[in-house]
Every structure is written in C-alpha cells, then in structure tokens.
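Each chain is listed here by its residues.
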Amino acid sequence: MIYISTPSSLRQGPRTTNTLVKKRYLGLYLLIMIIGSQPSIWLFWTYWQIITTSSILFYILFPFIFFLGIVILLISSLLVSKLLLLITNFIHTPTEGIFYRSRKDKDYCYWSIRSVIKKWPIWIARQLSLPFFEILVLKIFGLKIVGKVSLHDGWIDSEFIEIGNNVKLGQGSMILSSMIIRDKLILKNVKIQDNVIIGIHSVILPGTEIKKNTIIDANSSTKIDQILESDSIYQGSPCEKINNKLDLLEDKILFNEIFQDEDSKDIKNEKIESEENKELGIAFHIYISTGWLIFGFSFFIPCLLFFSYFNGFIEPQLLLTPIKFTFLLDIKIIIITLSLPLVFIGIYLVHLFFIAFNTRFIYRYAEKKSPSQGIFDRNLDKDAKALFYYHFKSFLFKYPIHAFLNSPFPWLINWELRFLGSNKIGKGTIIEETYLHSNVHTGENCYLGTFSHVTNHVVDGVYGEENLTYFGVILGNNVTFEAQTSALPGTIIGDNTGFIPICCSIKFDKINGDHIYTGFPVNKIDKKDTFNILGIDLNGE
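This one's a predicted model, so the numbers in the text were calculated from it and none came from an experiment. (Residues numbered from 1 in each chain as written. Predicted model: local features only at pLDDT ≥ 70, side-chain atom pairs only at ≥ 80, totals over all residues. Heavy atoms only, no water.)

1. Overview of the overall build of the protein
Turning to step 1, where the next piece is worked out: Within the protein one finds 14 helices and 35 strands.
Turning to step 2, where the next piece is worked out: Sorting the 541 residues of the protein into buried and exposed places 50% on the buried side.
Turning to step 3, where the next piece is worked out: Considering only residue pairs separated by 6 or more positions, the protein has 53% of its internal contacts joining residues 24 or more positions apart.
Turning to step 4, where the next piece is worked out: A total of about 26,000 Å² of accessible surface is found on the protein, and carbon and sulfur atoms cover 61% of it. (Helix = DSSP H or I, 4+ residues; strand = E, 2+ residues; numbered from the N terminus. Buried < 20%, exposed > 50% of the residue type's maximum accessible area, 1.4 Å probe, protein only. Contact = heavy atoms within 4.5 Å. Areas by Shrake-Rupley, 256 points an atom, 1.4 Å probe, with all protein chains shown as cover.)

Structure, rendered in structure tokens:
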C-alpha cells in the first residue's frame, strides 16, 4: 500500500498558463492592473466624501462598498484586457496547430501574450470564487458557453473551447485547449455538446469533441482530436467506450458497481476502526508558532508601509480632497491615482518577500537537523527525531508555495524556490499550479503542468509497519510534465522527456531522455504508438 502526501486542492476555475516567454510582457500586465483599478479608486474616494469616518454608518456599509469595489475592479480590468486582446488578435490571429516552444515562434509568443493579458481578471474572478463571475470572464474572453454549466470545480482553459448546455465538470478535472509536450505547443479547439459529465481528475486534451449525453469516468483522459460518441460512457487513459449510457441505466450495472456486499463493508469498517486507534504524537505548538511567525511577521512591515502611505499621503492628498470633475485633467490627481496601484503592488511584493525570508530563516535550521535522504521506519520508537524534522520541513514548505503560486505574480515561484535554497530551478523553467516539494531539481526549459506532482517522499507498507522513502528528484533539460502527472522519490529523468497526462514514475526510476512516456509505471511510447496514444504524430513535426 502506498500513500502520497498531498496538500489540499489548489484553487480551481478558469486558468491561463504561467508561461512568460519574454519579461517585457509584464508591462501589459501592470498596465491592465493600473487602468483597471481607476474606477474602484474613484468609488472609494466618493465614499469617503459622502460618509465621514467618524460615523458608525461608514463602518457598517464599508464591507458592501469593498465588495462592490472588487466587482468593479474585475469588470473594468476585464474590459481593459478585452480591448488589449482584440488589438493583439488583430496583430496576430490566434491559430490552431502544433508550434515550437521557442521565443522565435510567433504563435508560441502570442499565446504567452494572450495568457498574460487574461491573467489579472481571471485571478480576481477566482478570488471571488463565484461561478457567475468565472463564466462571465470566460465568455468575454471568447469561450462559447451555452446555457447553464457547472465548471467551478475543475480547471478550464480560456480560449478555443465550446461548451454546450448542462455540462458538469468534476472536481480536479481539466479541459485543455493547449498542451506542451517537450519542445511542442499544441493548440486545438475543444467542443463539448449538451449534457456531458466529466468525472473527477479527468483530462480533456486539445482537439477533443464530445457528443451529447456522454459520461467520462474518473481519472480518464482523451486523445488529441478524439471524437467521443453520444449517449456513451468512456473510461481509461486514453479513454475507450465501455458501454452505452442507456444500457447501463436499464441493466442496473451502475448499482452493482457502486454498492458492495455487507461482508466487504464490515471488513472495511474493522480496518478503519483499527486505524483510528493508533495516534501520532505531533508537536502542534511548534507547528502553530512557526506558522504564525512565517505568516504573521510577513504582514508586519507591509502593514507599517500601508498605514504610513495611507494615513500620511492618500487620505490627506486624495480621499479628503473634495471631488471635482476638473480633477480628470489635474496632473497631480492623475499621478496619485495612477501610482496608487503600483504602490499597493510594491507593498504586496514586500509581503511575499517576507514570507520567503521568514521561511528561509527557519528552513535553514530545520535543514541542518533533518536527514538529507534515506528510507526511515515510521514506527514511532525508531527514527523519531529524523522524522520530526522531515515533517517539520515539509510543513514549512507548504504555505510559501501556496502563497506564491496563488498570487497575482506566480512567475515569482522560481525565485522563491531558489531563495529558499531547497530546489535548483533551471533557467526558463515554467511552473504552473503544481504540487512541489523540496529537493526537486530541474534543468533548463522544463515545464511542470497544472496539478502535476513531483514529490520527494512516499509512505509505503501496511498500516503500523510503514517506511518513509525520502529522496530528491532530478529533471534534465527540456523535461515536460503535462497535467496530472507525477514523479516519485529518487526519480531521475533525462533530457528532452515528455510525460503526457495521468502518468507516474515509480520510486528510483531512471528514465531515459528523448522520449515521450505514459502510464503507471511510465512506459516509453514507441514512435509507431504515438498516434494510438496521443491521437497525433509528433515525430513527424
């Protein structure tokens, strides 16, 4: 029995890649933030004028005004992004196809530009965590969505997708119109007709067409350009038709598959009860105090900066100044309102820096005390000190990764990992919303796709007699992990290797480079089998 420790699910909803081909694209990103924030700034300015801070009504209404300000920020940023997107698409029309993952390839560069333009409104919509706003963002960015759909629990790309009525996306599942395999970017339109259900942790690859009333089972994936028949049930990776939907319901096969006999239920209950009787001794006070130091102290200096700037400059120079329409042409007011978002961004970046700084300070101490690598007996009478520092180090690693990857600036995750000293991250490596651990080292130009998981530890064995395997993972140059792929401890992967969705290595796996891999444990795809598994032939490109 094998257990892989994972954090809680990353935030789901609309997604756009973290691929940043050229750093100058961030100029567009900041422009959207600055221009998009202006209506909200004027809203708060007006509120300060209408109701004075000495009135209790000011504080009663402020939460509603704050929420309204966030909604206005989303809408205004969305409109600015849409305008820039129209200009960008006029200059270079988005095109389906297979392109090289190179700065010299225009389609790859403009795909990155489109993603940067969309990222800020998508980030705001995901923070609100209201499906209405997420679907609104997708529609304005060009997705064709008809009727009522349930997409909030999964990830969905923001272009080249058509979705019919009453489509349900299971938790952790993904609809991808873009895909990276080694040195290739694949962009293809996805069509999903009415009444389709996509099971949890399933992946729909670019070019897929799913006919109406079709179900895709959990942990399944389609091929590129695969067409799924209507009124059918598909399963597997790549998925194959296993039954007609109507036949399944009429024959009550579904009931027999889900419900087991009473004897098996009793065995399960006995096992659960026996597991609950065993307790682990964990120093919660150390975890809580350390977490408070990392999280709480990261706000100390940013809060000082914020209140100094707000009380010493913004309130007297802007909020307490009576509003006049002539201020639209007042250079001083224009400079204040345009610089305000940049100052807030700077304060937020200081907050992120101190998260990394505080973590690094404690992490370095734990690093000296913890085992470098090895196999440890999880019996609490043995290896207790080594295991404590291992668990403590893993705990330290969780929040910084979450804070950076879920921030408006996820590109900073590479800097953070290098700053902590826990990982070696090669130049040009792209990290999407990924589960990462310490001692995971990448070469140059690697790609870790959404919901991929590269782990330095795994617990294996029967309950009460488990071992903890704790070894690092090494990725060569140009290694790509697509969505929902994994590598277990001790894995070493050669250059120019591609993992396609829903595959995983085994412990201490040594994977040769210059190949594409699939399955669990991963197997090399022969050139002749590439089309059968992927749906396209990359070897001829």
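2. Examining helix H1 (residues 26-36)
Turning to step 1, where the next piece is worked out: Along H1, the residues that are buried comprise Tyr29, Ile32, Met33, Ile34 and Gly36.
Turning to step 2, where the next piece is worked out: Here the buried face of H1 lies against helix H2 (38-50), helix H3 (56-91), helix H4 (106-128) and helix H11 (331-369).

3. Details of the sheet that holds strand E29 (residues 485-487)
Turning to step 1, where the next piece is worked out: Taken in spatial order, the four strands line up as E21-E24-E29-E32 in an open sheet, and their pairing is parallel. Strands with a single pairing partner mark the edges of an open sheet, and in this sheet they are strand E21 (435-436) and strand E32 (503-504).
Turning to step 2, where the next piece is worked out: When strand E24 (residues 453-454) meets E29, the two strands line up parallel, connected through two bridges. Looking at the pairing, Val454 lines up with Ala487 of E29. (Pairing = 2+ DSSP bridges.)

4. Notes on H3
Turning to step 1, where the next piece is worked out: With 36 residues, H3 ought to run about 52 Å at 1.5 Å a step, and its terminal C-alpha atoms sit 53 Å apart, in line with that.
Turning to step 2, where the next piece is worked out: Taking the largest bend as the criterion, H3 deviates by roughly 45°, centred on Phe62, and proline Pro63 comes between one and four positions later.
Turning to step 3, where the next piece is worked out: The opening residue of H3, the one whose side-chain oxygen lies 3.2 Å from the backbone nitrogen of Leu57, is Ser55. (Expected span 1.5 Å × (residues − 1). Bend = angle between axes of the 7 residues up to and from the residue. Polar contact = N/O pair within 3.5 Å; in protein donor to acceptor, adjacent residues only side chain to side chain.)

5. Focus: the pairing of strand E19 (residues 374-377)
Turning to step 1, where the next piece is worked out: Burial of the side chains of E19 is restricted to one face: Gly374 and Phe376 are buried, whereas none of Ile375 and Asp377 on the reverse face is.
Turning to step 2, where the next piece is worked out: Of the strand pairs in this sheet, E19 and strand E26 (residues 467-470) are connected by four bridges, and their pairing is antiparallel. From the neighbouring strand, Asp377 faces E26, where its bridge partner is Asn467.

6. Comments concerning the packing of aromatic side chains
Turning to step 1, where the next piece is worked out: This structure, assessed with the given rule, holds 39 aromatic pairs.
Turning to step 2, where the next piece is worked out: Ring geometry for Phe306 and Phe307: centres 5.2 Å apart, planes at 75°, overall edge-to-face.
Turning to step 3, where the next piece is worked out: For Phe307, a relative accessible area of 48% translates into the label partly exposed.
Turning to step 4, where the next piece is worked out: With a centroid separation of 5.3 Å and 65° between ring planes, the pair formed by Tyr435 and Phe451 is classed as edge-to-face. Within this pair, whereas Tyr435 is found in strand E21, its partner Phe451 is found in the loop between strand E23 (447-448) and E24, the two being separated by 16 residues in sequence. (Phe/Tyr/Trp six-rings, centres within 6.5 Å; stacked < 30°, edge-to-face > 60°.)

7. Side note on the side chain of Arg182
Turning to step 1, where the next piece is worked out: Relative to the assigned elements, Arg182 resides in the loop between strand E9 (178-181) and strand E10 (184-187).
Turning to step 2, where the next piece is worked out: For Arg182, which is buried and forms no salt bridge, the nearest opposite charge comes from Asp514, at a distance of 5.0 Å.
Turning to step 3, where the next piece is worked out: Polar side-chain contacts of Arg182 include one of 3.3 Å to the backbone oxygen of Asp514.
Turning to step 4, where the next piece is worked out: Not counting residues up to four positions away in its chain, the partners in contact with Arg182 are Arg101, Asn478, Thr480, Asn496, Thr497, Gly498, Asp514, His515 and Ile516. (Lys, Arg positive; Asp, Glu negative; His and termini not counted. Salt bridge = Lys/Arg side-chain N within 4 Å of Asp/Glu carboxyl O.)

8. Some thoughts on the side chain of Lys188
Turning to step 1, where the next piece is worked out: The topology assignment puts Lys188 in the loop between E10 and strand E11 (190-192).
Turning to step 2, where the next piece is worked out: Taking the relative accessible area as the measure of exposure, Lys188 reaches 16% and is therefore buried.
Turning to step 3, where the next piece is worked out: In contact with Lys188, not counting residues within four places along its chain, are Glu96, Phe160, Ser177, Pro206, Gly207, Ile224 and Asp225.

9. Observations regarding a positive patch on the surface
Turning to step 1, where the next piece is worked out: Among the surface-exposed residues, Lys23, Arg24, Arg103, Arg418 and Lys427 lie close enough to one another that they form a single positively charged patch.
Turning to step 2, where the next piece is worked out: The exposure class of Arg24 is exposed, given its relative accessible area of 63%. (Patch = residues over 30% accessible without salt bridge, like charges linked within 9 Å, V, L, I, M, F, W, Y side chains within 5 Å. Charge placed at Lys NZ, Arg CZ, Asp CG, Glu CD.)

10. Here we look at the packing of H3 against helix H5 (residues 131-140)
Turning to step 1, where the next piece is worked out: Between H3 and H5, the least distance of the axes is 11 Å, while the angle of their chain directions is 15°. Between H3 and H5, the angle is such that the two are roughly parallel. Considering only the axes of H3 and H5, their crossing is right-handed. Residue-level inspection shows Val71, Leu74, Leu78 and Lys82 of H3 in contact with H5, the latter providing Phe133, Val137 and Ile140.
Turning to step 2, where the next piece is worked out: Broken down by class, the residue content of the contact of H3 with H5 amounts to six nonpolar, no polar and one charged. (Axes fitted to C-alpha atoms, helices over the stretch in contact; angles between N-to-C directions. Parallel < 35°, antiparallel > 145°, perpendicular 65-115°, else oblique. Left-handed = near helix turned anticlockwise from the far one by under 90°. Nonpolar A, V, L, I, M, F, W, Y, C, P; charged D, E, K, R; others polar.)

11. A few points about the pattern of salt bridges
Turning to step 1, where the next piece is worked out: Across all of its chains, the model carries seven salt bridges by this definition.
Turning to step 2, where the next piece is worked out: A salt bridge links Glu209 to Lys211; the nearest nitrogen and oxygen atoms lie 3.1 Å apart.
Turning to step 3, where the next piece is worked out: Overall, the relative accessible area of 27% leaves Lys211 in the partly exposed class.
Turning to step 4, where the next piece is worked out: In this structure, Lys241 engages Glu229 in a salt bridge whose closest nitrogen and oxygen atoms are separated by 2.9 Å.

12. Side note on the pairing of E10
Turning to step 1, where the next piece is worked out: Alternating positions in E10 separate into two faces, Lys184 and Ile186 on one and Leu185 and Leu187 on the other, with burial throughout.
Turning to step 2, where the next piece is worked out: Bridge analysis of strand E3 (residues 97-100) against E10 gives four bridges, and the strand direction is antiparallel. Bridging across to E10, Gly97 finds its partner in Leu187.
Turning to step 3, where the next piece is worked out: Here E9 pairs with E10 via four bridges, running antiparallel. Across the sheet, Ile181 pairs through a bridge with Lys184, a residue of E10.
Turning to step 4, where the next piece is worked out: In textbook terms, the turn of a hairpin is the stretch between consecutive antiparallel strands, and for E9 and E10 this stretch comprises two residues, one of which, Arg182, has a positive phi near 55°.

13. Observations concerning the packing of H1 against H11
Turning to step 1, where the next piece is worked out: At a closest axis distance of 8 Å, the pairing of H1 and H11 adopts a crossing angle of 120°. In this view, H1 runs oblique relative to H11, as classed from their interaxial angle. Note on packing geometry: the crossing formed by H1 with H11 is right-handed. Of H11, the residues touching H1 (which contributes Leu30, Met33 and Ile34) are Leu338, Pro341, Leu342 and Ile345.
Turning to step 2, where the next piece is worked out: Along the lines of polarity and charge, the residues of the contact of H1 with H11 split into seven nonpolar, no polar and no charged.

14. Digging into the sheet that holds strand E28 (residues 480-481)
Turning to step 1, where the next piece is worked out: An order of E20-E23-E28-E31-E34-E35 is seen for the six strands of this open sheet, with the pairing classed as mixed. Taken across any chain shown, the strands that pair with only one partner, and hence form the sheet edges, are strand E20 (430-431) and strand E35 (523-524).
Turning to step 2, where the next piece is worked out: Direction of pairing for strand E34 (residues 516-518) relative to E35: antiparallel, over a ladder of two bridges. Within E35, the position partnered with Thr518 by the bridge is Asn523.

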